[in-house]
Amino acid sequence: PMPSEPAALVVFARLPIPGKVKTRLAKDVGDANAAEFYARMAERIFTVTSRCERTSSRTVFFSEGAEEDGIRRWLQGKRGTASDPRASSWTDIRLEPQAAGGDLGERMRRALDHALRHGGSDGGPCAKAVVIGTDIPSLDASHVDRAVKLLDAHDVVFGPAVDGGYYLLGVRDRGYTGGGGEGFDRGG
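The paragraphs below set out a description of the structure included in this document. Every chain is numbered on its own, with residues counted from 1 as its sequence reads. Given that this is a predicted model, residues contribute local features only at a pLDDT of at least 70 and side-chain atom pairs are listed and counted only at 80 or more, while totals for whole chains, interfaces and linings are drawn from all residues. Only hydrogens and water are set aside; all other atoms, that is, all heavy atoms of the structure, feed into the side-chain values.

Quick word on the environment of Ile45
Step number 1: In this text, helices come from DSSP runs of H or I with a minimum length of four residues, and strands from runs of E with a minimum of two, each type numbered from the N-terminal end. By secondary structure assignment, the location of Ile45 is in helix H2 (residues 31-49).
Step number 2: Remark: exposure states derive from per-residue accessible area (1.4 Å probe, protein chains only) relative to the maximum for the residue type, with buried under 20%, exposed over 50%, and partly exposed in between. Residue classification places Ile45 among the buried positions, given a relative accessible area of 0%.
Step number 3: Separated by 64 residues in the primary sequence, Ile45 and Arg109 have C-alpha atoms spaced 21 Å apart.
Step number 4: Ile45 has contacts with Val11, Ile132, Gly133, Thr134, Ile136 and Leu139, leaving out every residue within four places of it along the chain. The contact criterion used throughout is that any non-hydrogen atoms of two residues lie within 4.5 Å.

So, in structure tokens, the structure goes:
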């Protein structure tokens, strides 16, 4: 069999600003604790995905264009006063602002389109793309690698979540038209 082609990995994330992230959780634990929890979850995702063996690139799609400098500093390991030693595994992460407007499905479609066009290791096209968020405490590199491998035989793969939504969506370029995002808005 032919070797499996790698995929561009897209991570949807936002800057962990108190009052802007995990707002439902913040009602019970406070804005600062909710933001710290969000930051730790995202940092875990940045770290575990550095161990993926089947990805050609990793791109953080962040939600607000004004957050770019803050996201860049965060990925350099500078959050608060301490420097995060795990940031050495985050240096390859590319940054892209999410296109404004549209629901989650539409934003995912645009991110996947971008990843298929620019997610190759050289910044060129890529045959596969996988999108995840940051709220996946049990995610391991093997989950992403398995999804990429499954895209050899399937046009679309989902990582089903216990709440009925999904934690991962993968597509391959062949036959993927992007549509209008129908059916993508299943994030929990």
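Back to the write-up after that little detour.
Regarding the sheet that holds strand S5 (residues 94-97)
Step number 1: If you walk across this open sheet you meet the six strands as S5-S2-S1-S6-S8-S7, and the pairing is mixed. Two strands in the sheet have a free side with no partner beyond their single neighbour: S5 and strand S7 (156-160). Recorded for the sheet is a direction-independent mean angle of 20 degrees between the axes of neighbouring strands.
Step number 2: In short, DSSP must find at least two bridges between two strands for them to pair. When strand S1 (residues 7-13) meets strand S2 (residues 55-62), the two strands line up parallel, connected through seven bridges. Every angle, taken between N-to-C directions, lies between 0 and 180 degrees, and every axis is a line fitted to C-alpha atoms, over only the stretch in contact when it is a helix.

Digging into the pairing of S1
Moving residue by residue along a regular strand, the side chains alternate between the two faces of the sheet.
Step number 1: Among the seven residues that make up S1, seven are buried, leaving the element largely enclosed by the rest of the structure.
Step number 2: Burial along S1 is two-sided: the face carrying Ala7, Leu9, Val11 and Ala13 and the face carrying Ala8, Val10 and Phe12 are both buried.
Step number 3: Taken together, the four bridges between S1 and strand S6 (residues 128-132) define a ladder with parallel strand orientation. Among the inter-strand pairings, Leu9 is bridged to a residue of S6, identified as Val130.

Let's talk about helix H4 (residues 104-118)
Step number 1: Take the number of residues in a helix, subtract one, and multiply by 1.5 Å to get its expected span. For H4, with 15 residues, the first-to-last C-alpha span of 21 Å sits near the 21 Å given by 1.5 Å per residue.
Step number 2: Buried-residue contacts for H4 involve S1, S2, S5, S6 and strand S8 (166-172).
Step number 3: Between the side-chain oxygen at the start of H4 and the backbone nitrogen of Gly105 there is a gap of 3.1 Å, and the oxygen is on Asp103. Distance and chemistry together define a polar contact, namely a pair of N or O atoms within 3.5 Å, with one atom able to donate a hydrogen and the other to accept it when in protein, and with adjacent residues in sequence counting only for side-chain atoms on both sides.

Describing the packing of aromatic side chains
Step number 1: Ring pairs shown here join Phe, Tyr and Trp side chains whose ring centres sit within 6.5 Å, with only the six-membered ring taken for Trp; geometry is labelled stacked below 30 degrees between planes, edge-to-face above 60, and tilted in between. Scanning the entire structure with this criterion turns up four aromatic pairs.
Step number 2: Seen from their ring centres, Phe46 and Trp74 are 5.2 Å apart, and the 65 degrees between their planes marks the pair as edge-to-face. Separated by 28 residues along the polypeptide, Phe46 in helix H2 and Trp74 in helix H3 (residues 68-75) bring together distant segments of the chain.
Step number 3: Here Phe46 falls in the buried class, since its relative accessible area comes to 1%.
Step number 4: Trp74 sits in the buried class, given a relative accessible area of 3%.

Shape descriptors only; they carry no functional weight alone.
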